[in-house]
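Residues per chain are reported as follows:
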Amino acid sequence: MSIAGMYMLNTEEYREEKIHQALDMLYLDRKNEFRELSQVLLNEKALKAMPNWKEFVLNFSLDVEDAFKTWSGQRPLSSSSPQKALTLLRQLGRKKTSMNQLAHLLNMSYNLSCEFKEIYRRLK
């Protein structure tokens, strides 16, 4: 599995082998969340053609957490913050009929990101 193109994972903060170990551990407990987010973010054709879909979902979740830090004032606005926020909301909001559904997906993404970081931190 490759993290090429996964800009949130492909930083100096993370090592690839440790990413995969933490991701495997997280996936064992959070299969349903990964499945639900993958169905929202990727269509069936893309999902079958993408061998690194779990990394894609994790990268998206890390992006949501990063955006939340901007929305909550923990990080200053950047020039791309508004576009990033709209892109995230548009990706998750597709075919949703209520704000509760959107908030559910945002919370799920945020929680996956936080749990991944905690697992990653605890790995030696």
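Here the structure is a predicted model, which means the values were calculated and not measured. (Residues numbered from 1 in each chain as written. Predicted model: local features only at pLDDT ≥ 70, side-chain atom pairs only at ≥ 80, totals over all residues. Heavy atoms only, no water.)

Enquirer: What is the right way to read the side chain of Lys 54 from this model?
Expert: Here Lys 54 lies in helix 4 (residues 53-71). The side chain of Lys 54 sits in the buried core without any salt bridge; Asp 24 is the nearest counter-charge, 4.8 Å away. Apart from the residues lying within four places of it in its own chain, the contact partners of Lys 54 are Leu 23, Tyr 27 and Phe 34. (Helix = DSSP H or I, 4+ residues; strand = E, 2+ residues; numbered from the N terminus. Buried < 20%, exposed > 50% of the residue type's maximum accessible area, 1.4 Å probe, protein only. Lys, Arg positive; Asp, Glu negative; His and termini not counted. Salt bridge = Lys/Arg side-chain N within 4 Å of Asp/Glu carboxyl O. Contact = heavy atoms within 4.5 Å.)

Enquirer: Hey, could you run me through the packing of aromatic side chains in this one?
Expert: Any two aromatic rings considered together are summarised by their centre-to-centre distance and by the angle between their planes. Within this structure, the stated rule accounts for 6 aromatic pairs. For the ring pair Tyr 14 and Tyr 120, a centre distance of 5.0 Å and an interplane angle of 85 degrees mean the geometry is edge-to-face. A residue pair is termed long-range when its members are at least 10 positions apart, and Tyr 14 in the segment before helix 1 (16-29) and Tyr 120 in helix 6 (residues 99-122) qualify at 106 residues. For Tyr 120, a relative accessible area of 9% gives the class buried. (Phe/Tyr/Trp six-rings, centres within 6.5 Å; stacked < 30°, edge-to-face > 60°.)

Enquirer: Teacher, can you tell me more about the pattern of salt bridges here?
Expert: When charged atoms on two side chains of opposite charge get close, those side chains can pair. Evaluation of the coordinates by the stated rule reveals 9 salt bridges. For the salt bridge of Arg 30 with Glu 115, the shortest nitrogen-to-oxygen distance reads 3.0 Å. Highlighted residues: Arg 30 in the loop between helix 1 and helix 2 (31-41) and Glu 115 in helix 6, separated in sequence by 85 residues. Residue class for Arg 30 comes out partly exposed when judged on its relative accessible area of 27%. Here Glu 115 falls in the partly exposed class, since its relative accessible area comes to 27%. Where Asp 66 meets Arg 75, a salt bridge forms, and the shortest distance between an N and an O atom there is 1.9 Å. A residue is classified by how much of its surface remains accessible, and Arg 75, at 33% relative accessible area, is partly exposed. The structure contains a network of salt bridges with shared partners spanning Asp 63, Asp 66, Arg 75 and Lys 84.

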